[in-house]
Amino acid sequence: MVHSKDFVTNDTVQTGAFAISGTLAALKAAAQGQGPKQLRFALGYAGWSAGQLEQEIQENAWMVAPGTHEIVFRTTPELMWDAAF
């Protein structure tokens, strides 16, 4: 889950204005109201070979835009693409 930086566990990765946690314990804390104040949960898998993502970004196969709290936490999923674009 991507979340606000007001919640940290041993596995939490903090980057810029956001934090990311992916353990069952973090999910349980969120479900019990003891997790971050803001979160966005996603389930899925994507895998790349070494250097593949960087190469795809250089080839403009991905649109890269800065994330903001407004887009990540306050925009409905169906409007996120337009808001980021």
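For every chain, the first residue of the written sequence is number 1, and numbering continues from 1 along that sequence. A pLDDT threshold of at least 70 governs which residues receive local features in this predicted model, and a stricter bar of 80 or more applies before side-chain atom pairs are shown or counted, although totals over entire chains, interfaces and linings include all residues. Remark: hydrogens and water are excluded; side-chain values derive from all non-hydrogen atoms of the structure.

(A) Inspection of a nonpolar patch on the surface at higher detail. Only residues above 30% relative accessible area that lack a salt bridge enter a patch, with like-charged residues linked at up to 9 Å and the nonpolar side chains Val, Leu, Ile, Met, Phe, Trp and Tyr linked at up to 5 Å. Here the open area of atoms and residues is found with the Shrake-Rupley method and a 1.4 Å probe, where only the protein chains shown may cover a residue. Only one rule defines a salt bridge in this text: a Lys or Arg side-chain nitrogen within 4 Å of an Asp or Glu carboxyl oxygen. On the surface, Trp-48, Ile-57, Trp-62 and Val-64 cluster together into a nonpolar patch covering about 400 Å² of accessible area. Here a strand is any run of E in DSSP of at least two residues, a helix any run of H or I of at least four, and the numbering for each starts at the N terminus. Note on placement: Trp-62 falls in the loop between α2 (52-58) and α3 (69-74).

(B) Broad picture of the packing of aromatic side chains. Centre distance within 6.5 Å is the pairing criterion for rings of Phe, Tyr and Trp, where only the six-membered ring of Trp is used; planes under 30 degrees apart are then read as stacked, over 60 as edge-to-face, and the remainder as tilted. A full pass over the atoms with the stated rule returns 3 aromatic pairs. Note on Phe-18 and Phe-73: the rings are 5.8 Å apart at their centroids and 55° apart in plane angle, and the pair reads as tilted. Pair noted here: Phe-18 is in strand β3 (residues 18-20) and Phe-73 is in helix α3, with a separation of 55 residues, a long-range link. For the pair formed by Phe-18 and Phe-73, the shared burial category is buried. Centre to centre, the rings of Trp-81 and Phe-85 are 6.0 Å apart; their planes meet at 10°, and the pair counts as stacked. For the residue pair Trp-81 and Phe-85, the accessibility class agrees, reading exposed in each case. Relative accessibility decides the category of a residue: with a 1.4 Å probe and only protein chains considered, values under 20% of the type maximum give buried, values over 50% give exposed, and everything between is partly exposed.

(C) Representation of the side chain of Thr-75 within the structure. Within the fold, Thr-75 resides in the loop between α3 and α4 (77-84). The class for Thr-75 is buried, based on a relative accessible area of 12%. The term polar contact refers here to a pair of N or O atoms within 3.5 Å; inside protein, the definition further demands a hydrogen-donor-capable atom paired with an acceptor-capable atom, and it admits residues adjacent in sequence only when both atoms are side-chain atoms. Engagement of the side chain of Thr-75 in a polar contact is seen with the backbone oxygen of Glu-70, the distance being 2.9 Å. Setting aside residues no more than four positions away along its own chain, Thr-75 makes contact with Arg-40, Glu-70, Met-80 and Ala-83. Throughout, a residue-residue contact means that at least one pair of heavy atoms, one from each residue, lies within 4.5 Å.

(D) Looking closely at the side chain of Glu-56. Structurally, the position occupied by Glu-56 is in helix α2. By the counting rule applied here, Lys and Arg register as positive and Asp and Glu as negative, while His and the ends of each chain are not counted. In this structure, Glu-56 is buried with no salt-bridge partner, the nearest side chain bearing the opposite charge being Arg-40 at 23 Å. At a separation of 2.8 Å, a polar atom in the side chain of Glu-56 contacts the side chain of Trp-62. Apart from residues lying up to four places away in sequence, Glu-56 is in contact with Trp-48, Ala-61 and Trp-62.

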